[in-house]
Structures are given as structure tokens and as C-alpha cells.
Amino acid sequence: MNTFQFLIDGFATALQWHNILFALVGVIIGTAVGVLPGIGPMSGVALLIPVTASLTSGMPTDAAAASSIILLAGVYYGAMYGGSTTSILLNTPGESSSVVTALDGYQMAQQGRAGAALSIAAIGSFVAGIISLIGLVLLAEPLSNIALEFGPAEYFSLMLLGLCAVSGLAGKSMTKALMMTIFGLVLGTIGIDAVSGIARFTYDLPVLYGGLEFLTIAVGLFALGEVFKTILEREADAQPIAKINRILPTKQDLKDSAKPITRGSLLGFFIGVLPGAGATLASFFSYITEKKFSKKPDSFGKGNIAGVAGPESANNAASGGAMIPLLTLGIPGSGTTAILMGALIMYNVQPGPLLFDDHPQIAWGLIASMFIGNVALLVLNMPLVKVFAKVIQTPQKYLLPIIIAISFFGVYAVQYSTFDLYLLLACGVLGYLFSKNDYPVAPLVLALVLGPMLENNMRRALTISNGEWNIFVTSPLSLIFLVIAMAWILVPLILKFTGRKVIVNEEE
């Protein structure tokens, strides 16, 4: 079967009425998550995993996994669009990749062009989503075929690269990011060792024999952590929201945005494919690129529409690009894709090169649903711009109890364990403390997901080589991955010591 035939089969899955509904609900919730400052795609996706698990409980495993991942992916790329709304109307980014959009988007809103800025953000996001999906369709099958040649040594080195990439670019301090990675790896060792059958760090507590549940940790750190942060650090009175008059952009707006959207889409896609780079870095580079190409670079920061079109296209293309290493190699490139990977593993579906052979319904159904979701985003968001502007004004006294209730009921519905509720609460407190002290949580989540697989592949490789560690450097591919991993950590350090500015990523 060729790629085109697989894609047609994927549309057959995605166009089932319940999957269309899941895609629509996903992008609507995602947009709302992006619009509400502070929640972000990681918290939104983590919060909805138990909800999707409950909704799909009666389905066969593959159908349940396909429907769940369709909804969760919709939340992911929907949030990428929604974050622009608060950036433009309130000068408050809904999530980290929309920080750059605020520079020119808010200035446009102040000049009475909020509608044009929001609609160009929607059009840019749509074009970028389609371009990144075409890239995903073309690259998914060849990449997964290459990855089938990987042995345990290559997988170990690739996973190490994934961890170094996120640690090297996440947060303001590389030291803190590396500390969080190690903490995540340590948490991943709790439970019965899969190879020897020995209990590790369980302290004779039966509830720990299965290890710490990824879902509980993710919901606690992200969703509850944000709740505690909002309660304990009350913001000043909300800023007035810019009025939206004309929604559709003018012909000149479309002309001025065409090239920035194309450049941002391509740049964002290729940056998104790199593990650890992500949407924040993509939007940053896109803004710098547009300023370089512009005939009026001084107009940036004063309401130049290219400063909205480029970065918004880049961050949406990056979210599509980030799906490539997740689906084909089993390496999540960001915190959100790590959570999506955890959701798939909950259904006993292992992302990686065998995903397209063993579970084509899930892999191609997801890709096809993203086409449908991107069309839905454009159709819904253009007329609903004013409605989402109202969502921003949701009082926190209503919003916070809803998030807390979904967190507790959701985790209990999946785990049926009071221990997990205590763990959820503890992770919420930790999430707040980490956030307050600038410790990035994404490396911890990534390490928790990759840690057990990293260890298993290392032990399998050492078993094959009779305990010889040189297996990791005698394989050319493994050596290349290890060299890139070292460079990812060392190059920013060298640049810092030589006094150069290093752009860091705070990917959600």
C-alpha cells in the first residue's frame, strides 16, 4: 500500500461521526485553553486525558486510542491558535509561543486593527497547519522505515538526544533544566524493574509496585500547579480588552502577510521537527527573519502585520512538525508531545517506527483528523473571534473550581486510587514551587516518559554486547546521535561563556 492509500484509510477513520465530533471538541477546547492566560497546551492536554479515557471506555483499544489522540491533538494545535487572541487583545500571551505575537499584535489592536490581526493569525495558522501536515504525510513513512533499522544502541542514543535537546533549550537556566531531567529519570525508576523483577524505591508499599502514574504527575504539575499559582499570586485588575470592529483583513493586509505566512510555515515546520526546539523558538526565529526581510524593519513593534503573520504561522507549523519525531521515532520533541505520548502508552500503543505498521488506524487517522481540525479552526474562529474575546473575561472564581474538579474526578476515574489523589495534590504544590523558582517542568515530564525506555534499551544493548560499553560508539548512527546530544548541551554553554546571547525555549 502506498502513502496515498494509507491517507485515504486515515480519512475513513477520521470521518467517522464520533471522530469528527472529537476533532471539533478538541479544537474548540484548545482555542479556549489558548485564550485563557496561564493554562497553556500542556495543562489542557494533561487535564483532558482522563476525560477522553472515560469517553472512550467502551470502544475497542485501537478505536479508543485513535479517538482520544484525535481530541488531544486538536487541543494541542487549537491552543497554538488561541494563544494569539490574548496576545493581540490584552498584550498577555495565552501560552509561551505567543509571546512574540504580542509585540505587533497588541499595537495593531491599539490602532483599531484588532480584527485584522486576529483574522491574519487564523489564516496564517490554517496555512501553516496544512503545510506542516503535507510535510508529515510525505516524511512519516520514509522516516519510520529508516527507524526500523535502529537497534537498542541507536534507540538509547536517540532518546538521550531527545532529553538533551529539551534540557538544553528549556527554561532560563540549563542547570535547572538538567536537574529537572535527572529528577524525572529518578521518578521513572520507581516500581518493579521490568528486567530483574526486583522492587525499586517502593519502600514495601504495594501502590508503588506499578510505578508512579504519568497521568497523575502531569495533571498535578501542570493543571493544579497553575491553579495554585493563580490563587497565591493574584494578578492586578484585568486590562481593558481592545474593541473588535472589522473582522476580515483588507486586500493590502493579505498581500503584506502572504510571504511572511509562507516563510513562517516552512521555518516553523523544520524547527518543529527538531526534538526540543518547539513552537516558542520557531516563533522567535520567524520574527527575526521577517524583520531581516522587511523594507521597514523600524516598523516592527509598532503594529507591522508581518510581525503577527510570520510568528503565528511558525508556531502552528512547529506543532505539526513536532508530531514527526513523536510518531515515527517515538521521541517527543516538547512537553506537550511527551504528554500525548504518555496518553498513547496508556492504551498500550507504542509510538515509533512500528506504529505505522502495527496501528495504521491510529497513525493515519490522527494525520487525517488534523486536516479536518485545521479547516474547523479556520471556519470556527473567523466568526467566533468576538465570542473568544468574551471567554477571556471568565471570572477566576468560576474557572478555578472547574479545573480542580476535572483534575480530581479525572484522575480518580482512571486510577480508582486515593493514593493518586494525594500524589496529585503533592504534584500540584511541587508544580507551583517549580514555576515560582523558574524550574522548567517539561524536562521532568519528558524524562518520566522516556526514562524507562532509555533504561531498557541501554540494558538490551549491553546484553547484546556482553557488557561492552563501546557498542554505543561503534554504531555510526548511535555515535552521531551522541555527538549531536553533546553539542546540544555544550554549544549554548560555550556561547554563554564567550558572552554571546543564547535564545532559550520555554516550550509548552
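Residues numbered from 1 in each chain as written. Predicted model: local features only at pLDDT ≥ 70, side-chain atom pairs only at ≥ 80, totals over all residues. Heavy atoms only, no water.

**What to know about the nonpolar core**
Inference 1: In this structure, Met323, Ile339 and Ile367 are the most contacted members of the largest nonpolar core, which totals 120 residues.
Inference 2: Non-local contacts of Ile339, meaning those with residues more than four positions away in its chain, are made with Met42, Val45, Ala46, Ile49, Phe214, Ala218, Phe222 and Val445.
Inference 3: Core analysis: the next-biggest nonpolar cluster, separate from the first, contains 17 residues, Tyr81, Met108, Ala109 and Ala309 among them. (Core = buried A, V, L, I, M, F, W, Y, C linked by side-chain atoms within 4.5 Å. Buried < 20%, exposed > 50% of the residue type's maximum accessible area, 1.4 Å probe, protein only. Contact = heavy atoms within 4.5 Å.)

**Examining the pattern of salt bridges**
Inference 1: Evaluated as defined, the whole model comprises five salt bridges.
Inference 2: Two residues, Arg200 and Glu455, come together in a salt bridge whose shortest N-O distance is 2.8 Å. Of the two residues, Arg200 sits in strand S2 (residues 199-200) while Glu455 sits in helix H20 (residues 442-464), which places them 255 residues apart along the sequence.
Inference 3: By relative accessible area, Arg200 is classed as partly exposed at 22%.
Inference 4: Since its relative accessible area comes to 18%, Glu455 is described here as buried.
Inference 5: Of the charged contacts in the structure, one is a salt bridge between Glu455 and Arg459, with a shortest N-O distance of 2.9 Å. Placement of both Glu455 and Arg459 in helix H20 is noted, with a separation of four residues, approximately one turn of the helix.
Inference 6: Overlapping salt bridges, with partners in common, bring together Asp193, Arg200, Glu455 and Arg459 in one network. (Salt bridge = Lys/Arg side-chain N within 4 Å of Asp/Glu carboxyl O. Helix = DSSP H or I, 4+ residues; strand = E, 2+ residues; numbered from the N terminus.)

**Thoughts on the confidence of the model for the chain**
Inference 1: When pLDDT is averaged across the chain, the result is 82; 90% of the residues are at 70 or more.
Inference 2: Note on residues 504-508: pLDDT under 50 across the span, and 32 contacts to partners over four residues away in sequence or across chains. (pLDDT = per-residue confidence, 0-100.)

**Structural notes on unusual backbone geometry**
Inference 1: Despite not being glycine, Asn348 shows a phi value in the positive range, around 60°.
Inference 2: By secondary structure assignment, the location of Asn348 is in the loop between helix H14 (335-346) and helix H15 (355-358).
Inference 3: Even without a glycine there, the phi angle at Asn466 is positive, about 55°.
Inference 4: Structurally, Asn466 is set in the loop between H20 and helix H21 (471-474).
Inference 5: Asn466 sits in the exposed class, given a relative accessible area of 71%.

**A word on the packing of aromatic side chains**
Inference 1: This model, assessed by the stated rule, comprises eleven aromatic pairs.
Inference 2: Considering the side-chain rings of Phe269 and Phe270, the 5.3 Å spacing of their centres and the 70° angle between planes classify their relative orientation as edge-to-face.
Inference 3: Chaining the aromatic ring pairs together yields one cluster made of Phe6, Phe356 and Trp364.
Inference 4: When the ring centre of Tyr439 is taken as origin, the NZ or CZ atom of Lys176, which lies over that ring, is 4.9 Å away.
Inference 5: Above the ring of Phe293, the side-chain terminus of Arg263 is found at 4.3 Å from the ring centroid. (Phe/Tyr/Trp six-rings, centres within 6.5 Å; stacked < 30°, edge-to-face > 60°. Lys NZ or Arg CZ within 6 Å of the ring centre and 35° of its normal.)

**Re a nonpolar patch on the surface**
Inference 1: A cluster of nonpolar side chains, Phe183, Val429, Leu430 and Leu433, forms an exposed patch at the surface whose accessible area comes to about 290 Å².
Inference 2: Looking at which element gives the most residues to the nonpolar patch, the answer is helix H19 (residues 418-436), with three residues. (Patch = residues over 30% accessible without salt bridge, like charges linked within 9 Å, V, L, I, M, F, W, Y side chains within 5 Å. Areas by Shrake-Rupley, 256 points an atom, 1.4 Å probe, with all protein chains shown as cover.)

**So, helix H18 (residues 396-415)**
Spacing of three or four residues puts side chains on the same side of an α-helix, whose turn is 3.6 residues.
Inference 1: Across its 20 residues, H18 extends 28 Å between first and last C-alpha, which sits within 8% of the 28 Å expected from 1.5 Å per residue.
Inference 2: Buried within H18 are the following residues: Leu399, Leu400, Ile403, Ser407, Gly410 and Val411. An end-on view of H18 places all buried positions within 110° of arc, on one side of the element. Residues of H18 that are exposed and angled more than 90 degrees away from the buried face: Lys397 and Phe409.
Inference 3: On its buried side, H18 packs onto helix H3 (40-55), helix H9 (214-232) and H19. (Expected span 1.5 Å × (residues − 1). Arc of directions from axis to C-beta.)

**Topic: the side chain of Asn457**
Inference 1: One can find Asn457 in helix H20.
Inference 2: Leave out the neighbours within four places in its chain, and Asn457 touches Pro152, Tyr155, Phe156 and Met159.

**Digging into the environment of Ala413**
Inference 1: Checked against the element boundaries, Ala413 lands in helix H18.
Inference 2: On the basis of relative accessible area, Ala413 is assigned to the partly exposed category, the value being 31%.
Inference 3: The sequence separation of Ala413 and Pro50 amounts to 363 residues, and the corresponding C-alpha distance is 7.0 Å.

**Notes on H20**
Inference 1: The first and last C-alpha atoms of H20 sit 33 Å apart over 23 residues, in line with the 33 Å expected at 1.5 Å per residue.
Inference 2: Its axis deflected by about 40° at Leu450, H20 carries its strongest bend there, up to four residues before the proline Pro452. (Bend = angle between axes of the 7 residues up to and from the residue.)

**Concerning the side chain of Ser319**
Inference 1: Take Ser319: it is sitting in helix H12 (residues 306-321).
Inference 2: Within the structure, the side chain of Ser319 is placed 2.7 Å from the backbone oxygen of Asn316, a separation counted as a polar contact.
Inference 3: Residues in contact with Ser319, not counting those within four places in the same chain, are Tyr76, Tyr77 and Met80. (Polar contact = N/O pair within 3.5 Å; in protein donor to acceptor, adjacent residues only side chain to side chain.)

**Topic: the packing of helix H6 (residues 114-147) against helix H16 (residues 360-381)**
Inference 1: Look at H6 against H16: their axes get within 9 Å of each other, and the N-to-C directions meet at 170°. Regarding the angle of H6 to H16, the classification is roughly antiparallel. Relative to H16, the crossing made by H6 is left-handed. Facing H6, whose interface residues are Ala122, Ile123, Ser125, Phe126, Gly129, Ile130, Leu133, Ile134, Leu136, Val137 and Glu141, H16 presents Trp364, Ile367, Met370, Phe371, Asn374, Val375 and Leu378.
Inference 2: Across the contact of H6 with H16, the residue classes tally to 14 nonpolar, three polar and one charged. (Axes fitted to C-alpha atoms, helices over the stretch in contact; angles between N-to-C directions. Parallel < 35°, antiparallel > 145°, perpendicular 65-115°, else oblique. Left-handed = near helix turned anticlockwise from the far one by under 90°. Nonpolar A, V, L, I, M, F, W, Y, C, P; charged D, E, K, R; others polar.)

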